[in-house]
Every structure is written in C-alpha cells, then in structure tokens.
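Spelled out from the first residue to the last, the chains are:
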Amino acid sequence: MRRILVAGNWKLNGSTETIKELLKGILAGISDAKADVAVCAPYIYIPLVQDILAGTEVGYGSQSISENDSGAFTGEISGPMLNDFACKYAIVGHSERRSLFCEKDTDTANKFAAARKHGLTPILCVGELLEEREQGITEEVVSRQLDAVIELEGVEALADAVIAYEPVWAIGTGKTASPQQAQDVHAFIRGKIAKLNAEVAEKVQILYGGSVNGGNADELFAMPDIDGGLIGGASLKAEDFLAICKAG
Ligand code: 13P
C-alpha cells in the first residue's frame, strides 16, 4: 500500500514572519493528518524551516536544485548545500521552471540526478499545456518528460522518487483536473513505468498538482493511482493546507 504524501510548494511567497506563523499553524493541527506532509520553501528560508521543523514529522525541501555540486554558477544552490540544512526533498522540473526559466527535459533530468546523488528525494513534475491537451497529446508530452529521466538514470531511479502530475492548465487557475482526468494520466504514467519494471511502478508515489484544495482533495486522493498532492496556493494558509493533509 503506497502512503499518501501532501507537499506544499510555496513558490516565491513568504517572509520570516509569515513562515513562522504558517508552520506554527501546521504543527498545531498536524496530529490528525492522514498523509505524510512536507513543505518546499524558497531557498533562503530553508534554515528557518529547518529550525522550526526539527524533531517534528513534517519533511521539507527545496523548489529546485543545481545540476552542479559547486563552482562558477552564480545564483545556484547545490545538493551538498541542501544536505547542509538536512533537506529531504527537491522539486525538479516544475512547469514554472520549464516555461519561465527555460529548463529543458534534459536539464530536469540532470537536476533529478543531482538530487539523487546527494540522497534527496526528487519530486519530478510533469504535465501538459492546455493546447497540448486539446491536441490530444497529453500522454506523448508526459512520456517525453519521463523518458528524459529514465534514459539518464534508469527506471529503477524512480523507485525512490516522487512524480507529480501537474497539468499546466490547472496550476493556479482554480480549474482542477477532474478526479477521472487525473487518474487517467496517473494510470498511464504507472502503466508506462510498469512496462519497464513492475515493482518500481507499484512503489512510486504519483502526486497530483493543480488547484487542489480542502474541497476536492478527498475525491482526488481516493483514485487508485493518485498518491497525494503537490499544493501551491492552498499550502500558504495553515487551515487550507491542513484540510488537504487530513483528506484521503
Ligand atoms: P496551485 O495549487 O496553486 O494550483 O499550484 C500547483 C503547483 O504548481 C504546485 O507545484
């Protein structure tokens, strides 16, 4: 039985004060969460998050990672640096990284490899644009994004990773994929992996992301191939995030 994971992606949001408040609220209500819970903070707040979450069951991580360990890469943060602050997760290939920061499938694969190399659990984001869904090429797009990682790291690498299916048209739009729409893509992803390695397919957690909230999380997480959520907007308020953590 795969466990449910609910991970917050705070994106470019928060301040010392709001993060203290948010984590205090989350910790106060976390005891009846059904899911494993994690938050992915802006890099600069990771030490603060580490301090507050020390000794609790809430995991934390980053929203990206450099493919390089050190050197002349201005503005980057590496796996060893994230290890220095005991991060557990690193999101890689978020659609905003792909579209706004020109990350290609191969860049994402390299970041995925860097995370694994340093013992971090990559949360690999995949998902199609609205026009790709309308063209009927969702599976092709998701396949291509997964193949870049599988070709570089091998399918076995997915056993210790998390995949997040995030249809770009559902991110921050309030337009959630229906549970069945999401389940169809999740089943496709698991089926694709199963053709290469059935054990890995059974083990890998596949989260759904895109306008998840307390009102729709139950139905989404009830689908057989949806193993939790990657949460943007609703992860910024303790009450909203906790409602999702208690779903499933
Ligand atoms: P929203 O939950 O705000 O739609 O964002 C989803 C997301 O991009 C999580 O990574």
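Our subject is the structure listed above.
Thresholds, definitions, all that
Residues numbered from 1 in each chain as written. Predicted model: local features only at pLDDT ≥ 70, side-chain atom pairs only at ≥ 80, totals over all residues. Heavy atoms only, no water. Near = heavy atom within 4 Å. Polar contact = N/O pair within 3.5 Å; in protein donor to acceptor, adjacent residues only side chain to side chain. Areas by Shrake-Rupley, 256 points an atom, 1.4 Å probe, with all protein chains shown as cover. Nonpolar A, V, L, I, M, F, W, Y, C, P; charged D, E, K, R; others polar. Pairing = 2+ DSSP bridges. Helix = DSSP H or I, 4+ residues; strand = E, 2+ residues; numbered from the N terminus. Axes fitted to C-alpha atoms, helices over the stretch in contact; angles between N-to-C directions. Core = buried A, V, L, I, M, F, W, Y, C linked by side-chain atoms within 4.5 Å. Buried < 20%, exposed > 50% of the residue type's maximum accessible area, 1.4 Å probe, protein only. Contact = heavy atoms within 4.5 Å. Phe/Tyr/Trp six-rings, centres within 6.5 Å; stacked < 30°, edge-to-face > 60°. Lys NZ or Arg CZ within 6 Å of the ring centre and 35° of its normal.

1. Quick notes on the site of the ligand
Then comes step 1: In the region of the ligand, the neighbouring residues are Asn 9, Lys 11, His 94, Glu 166, Ala 170, Ile 171, Gly 172, Gly 210, Ser 211, Leu 230, Gly 232 and Gly 233.
Then comes step 2: Between the ligand and Gly 232, the relevant distance is 2.9 Å, taken from an oxygen atom to a main-chain nitrogen or oxygen of the residue.
Then comes step 3: Between an oxygen atom of the ligand and a main-chain N or O atom of Gly 233, the distance comes to 2.8 Å.
Then comes step 4: For the ligand, whose free accessible area comes to 310 Å², the fraction covered by protein is 95%.
Then comes step 5: Of the residues assigned to the shell around the ligand, the class counts are 3 nonpolar, 7 polar and 2 charged.

2. Topic: the sheet that holds strand S7 (residues 205–209)
Then comes step 1: Spatial strand order, S1-S2-S3-S4-S5-S6-S7-S8: 8 strands in a closed barrel with parallel pairing. Taken over all neighbouring pairs, the strand axes of this sheet differ in orientation by 25 degrees on average, direction set aside.
Then comes step 2: Where strand S2 (residues 36–40) meets strand S3 (residues 59–62), 3 bridges bridge the pair, whose relative direction is parallel. Directly across from Cys 40, in S3, lies its bridge partner Gly 61.

3. Concerning the nonpolar core
Then comes step 1: Ranked by internal contacts, the top residues of the largest apolar core, which has 69 residues, are Leu 158, Ile 189 and Phe 221.
Then comes step 2: One finds Leu 5, Cys 40, Tyr 89 and Ala 164 within the second-largest nonpolar core, a separate group that totals 12 residues.

4. A word on the side chain of Asn 9
Then comes step 1: Locating Asn 9 in the fold gives a position in strand S1 (residues 5–9).
Then comes step 2: Here the side chain of Asn 9 touches Lys 11 through a polar contact of 3.1 Å, landing on its backbone nitrogen.
Then comes step 3: Not counting residues within four places of it along the chain, the set of residues in contact with Asn 9 comprises Cys 40, Gln 63, Ile 91, His 94, Leu 230, Ile 231, Gly 232 and Ser 235.

5. Focus on the pairing of strand S5 (residues 121–126)
Then comes step 1: Counting buried positions along S5 gives 6 out of 6 residues, so the element sits mostly inside the fold.
Then comes step 2: Where strand S4 (residues 89–92) meets S5, 4 bridges bridge the pair, whose relative direction is parallel. Counterpart to Ala 90 in the pairing with S5 is Pro 122.
Then comes step 3: In terms of strand pairing, S5 meets strand S6 (residues 162–165) through 4 bridges, oriented parallel. Note on S6: the bridge partner recorded for Ile 123 is Val 162.

6. Quick notes on the packing of aromatic side chains
Then comes step 1: A complete count under the given rule lists 1 aromatic pair for this structure.
Then comes step 2: A centroid spacing of 6.3 Å and a plane angle of 55 degrees characterise the contact between Tyr 165 and Tyr 208, whose relative ring orientation is tilted. Here the residue Tyr 165 occupies a position in strand S6, and Tyr 208 occupies one in strand S7, the gap between them amounting to 43 residues.
Then comes step 3: A residue is classified by how much of its surface remains accessible, and Tyr 165, at 0% relative accessible area, is buried.
Then comes step 4: Take Tyr 208: its relative accessible area is 0%, and that puts it in the buried class.
Then comes step 5: Directly above the ring of Phe 101 sits Arg 97, whose terminal nitrogen or CZ lies 4.1 Å from the centroid.

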